[in-house]
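# Coordinate inspection notes
Single-letter residue listing:
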Amino acid sequence: MSLERLEIEGTFNFRDLGGARTQSGDNAVRLGKVFRADGLARLTDRSRADMRELGIGAVVDMRDIGERSKLPDTLDGLEVAHIELPVFEDHFFPSRPMSVEEMRAAAEATGMDLSDRSLERIYDLMITHFGHRLAAVVDTVADHCGTGVVFHCSAGKDRTGVVGAFLLDLLGVGREAIIDEYAITSTHLSGGFLDSITKNFADAGISGNLAATATAAPPELMHEVLDRIETDYGAASANGIGVGGAGKGSDTGRIAANRAGAGGIGTGGAVEAYLLTHGMDPSTPQRLRECLLEPAAEA
């Protein structure tokens, strides 16, 4: 699996998601189709030419309005579909910063405490409240993987890291390789990125302890996310068990089981069940596999 960043000028964490072998070892994720990245606000003529050469036909921007308005993607001259799909639905980084009182009111109205911006809390909120948005991003990647697609947020590590992990899981890549692909971000987001974030991005998607929230991609955090999904959704496709061990009669379990069975494409994986429960197109897993899996080269 390729963990190296691509030298796309103006970025720090632009990578090809391909290269990993599936758990069976028979297939590998095709290179040159799906890419993940940090912000694309500082692209140059050279980097846009490099993206054109990579064959990228769609850019999926998962940032909130507050991030996008301050640092919009600079895609001028690129013939790409530019899809704004904010995972946090503009709650985390709205058009203007919220006061403490506004955050408190929002927490009471939505059940989401946005004042805690620790990594653990960000991931908890993402999985608990925004599964439908993660499912929509995965669907969008499947829609565009044939012509090349890059999905990104500000640092290319949290929202992007979760979507990347979900895509690799759907493709049958094993846990160890998924964690390696996620955690390598900490290496790429080193001095230069932190300097840039500190100077220019403080209110554009990164807040609090910059050194931790901007650059850290701790393996244990992704393990916790995948373990939680396994616990809550691991049996959903097989026997209709949903959140918290709910039985076949539960709405969550029934929806997941029915969607996974639609078209005969469910694999029974927990991530797939989670995404199906949150509205993923039932055809998406198979579309991704047909587009992105190829026979693995002999070792």
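Presented here is a report on the structure given in the accompanying data block. (Residues numbered from 1 in each chain as written. Predicted model: local features only at pLDDT ≥ 70, side-chain atom pairs only at ≥ 80, totals over all residues. Heavy atoms only, no water.)

Applying the stated criterion across every chain, the model contains 6 aromatic pairs. Look at phenylalanine 14 and phenylalanine 35: their rings are 6.0 Å apart centre to centre, the planes differ by 45 degrees, and that puts the pair in the tilted class. Of this pair, phenylalanine 14 sits in the segment before strand 1 (15-16) while phenylalanine 35 sits in strand 3 (residues 34-37); the two residues are 21 residues apart in sequence, bridging distant segments of the chain. Judged by its relative accessible area of 0%, phenylalanine 14 is buried. Ring centres of phenylalanine 88 and phenylalanine 92 lie 4.3 Å apart, and the angle between their planes is 25 degrees; this geometry places the pair in the stacked category. Given a relative accessible area of 3%, phenylalanine 88 falls into the buried group. With a relative accessible area of 2%, phenylalanine 92 lands in the buried category. Taken together through their ring pairs, the aromatic side chains of Phe88, Phe92 and Phe130 make up a single cluster. (Phe/Tyr/Trp six-rings, centres within 6.5 Å; stacked < 30°, edge-to-face > 60°. Helix = DSSP H or I, 4+ residues; strand = E, 2+ residues; numbered from the N terminus. Buried < 20%, exposed > 50% of the residue type's maximum accessible area, 1.4 Å probe, protein only.)

A word on the sheet that holds strand 3. Reading across from one edge, 1-3-6-4-5 is the order of the 5 strands in this open sheet, with mixed pairing throughout. Across the chains shown, the open sheet's two edge strands, defined by having one partner strand only, are strand 1 and strand 5 (81-84). In the sheet, strand 4 (residues 58-61) pairs with strand 5 via 4 bridges, with the strands oriented parallel. Note on strand 5: the bridge partner recorded for aspartate 61 is glutamate 84. Of the strands in this sheet, strand 3 and strand 6 (149-152) are in contact with helix 6 (residues 159-170), which crosses strand 6 at around 135 degrees. (Pairing = 2+ DSSP bridges. Contact = heavy atoms within 4.5 Å. Axes fitted to C-alpha atoms, helices over the stretch in contact; angles between N-to-C directions.)

Counted under the stated rule, the structure contains 1 disulfide. Each disulfide pairs two cysteine sulfurs, and for cysteine 145 the partner residue is cysteine 291, the sulfurs being separated by 2.5 Å. Residue cysteine 145 is located in the loop between helix 5 (131-144) and strand 6, and its partner cysteine 291 is located in helix 15 (residues 284-292); the two are separated by 146 residues in the primary sequence. Relative accessible area serves as the criterion here: at 2%, cysteine 145 is assigned to the buried category. (Disulfide = S-S within 2.5 Å.)

Let us now look at the nonpolar core. Leu134, Phe166 and Leu275 are the most contacted members of the largest nonpolar core, which has 60 residues in total. The dominant element in this core, judged by the number of residues it contributes, is helix 6, at 7 residues. Apart from residues lying up to four places away in sequence, leucine 134 is in contact with Val87, Met126, Ile127, Val162, Val163, Phe166, Tyr274 and Leu275. With 13 residues, the next largest nonpolar core counts Ala37, Leu43, Ile56 and Leu75 among its residues. (Core = buried A, V, L, I, M, F, W, Y, C linked by side-chain atoms within 4.5 Å.)

Another point: the environment of valine 173. Position of valine 173 among the secondary structure elements: in the loop between helix 6 and helix 7 (175-183). Among all residues touching valine 173, those that are not within four sequence positions of it are Ala20, Arg21, Thr22, Gln23, Val29, Leu168 and Ile178.

The next subject is the environment of threonine 147. For threonine 147, the location among the structural elements is in the loop between helix 5 and strand 6. Sequence separation between threonine 147 and isoleucine 56 is 91 residues; the distance between their C-alpha atoms is 6.5 Å. With residues near it in sequence (within four places) discarded, threonine 147 still touches Gly55, Ile56 and Gly57.

Once that is clear, we can look at a negative patch on the surface. On the surface, Asp113, Asp116, Glu120, Glu220 and Glu224 cluster together to form a negatively charged patch. By the secondary structure assignment, aspartate 116 is in the loop between helix 3 (100-110) and helix 4 (119-129). (Patch = residues over 30% accessible without salt bridge, like charges linked within 9 Å, V, L, I, M, F, W, Y side chains within 5 Å. Areas by Shrake-Rupley, 256 points an atom, 1.4 Å probe, with all protein chains shown as cover. Salt bridge = Lys/Arg side-chain N within 4 Å of Asp/Glu carboxyl O. Lys, Arg positive; Asp, Glu negative; His and termini not counted. Charge placed at Lys NZ, Arg CZ, Asp CG, Glu CD.)

Turning next to the pairing of strand 4. Neither face of strand 4 is exposed, since Ala58 and Val60 on one face and Val59 and Asp61 on the opposite face are all buried. Viewed along the sheet, the connection from strand 4 through helix 2 (residues 65-70) into strand 5 turns out right-handed. Strand direction decides the pairing type here: strand 4 and strand 6, joined by 4 bridges, are parallel. Its bridge partner lying in strand 6, valine 59 is registered against valine 150. (Right-handed = clockwise from strand over helix to strand, strands pointing away.)

Looking now at the packing of helix 6 against helix 7. Packing of helix 6 against helix 7 brings their axes to within 10 Å, and their N-to-C directions diverge by 155 degrees. In terms of axis orientation, helix 6 runs roughly antiparallel to helix 7. Of the two possible hands of crossing, helix 6 and helix 7 adopt the one that is right-handed. Contacts between helix 6 and helix 7 involve Gly161, Ala165, Leu168 and Asp169 from the first element and Ile178, Glu181 and Tyr182 from the second. A per-class count over the contact of helix 6 with helix 7 returns 4 nonpolar, 1 polar and 2 charged. (Parallel < 35°, antiparallel > 145°, perpendicular 65-115°, else oblique. Left-handed = near helix turned anticlockwise from the far one by under 90°. Nonpolar A, V, L, I, M, F, W, Y, C, P; charged D, E, K, R; others polar.)

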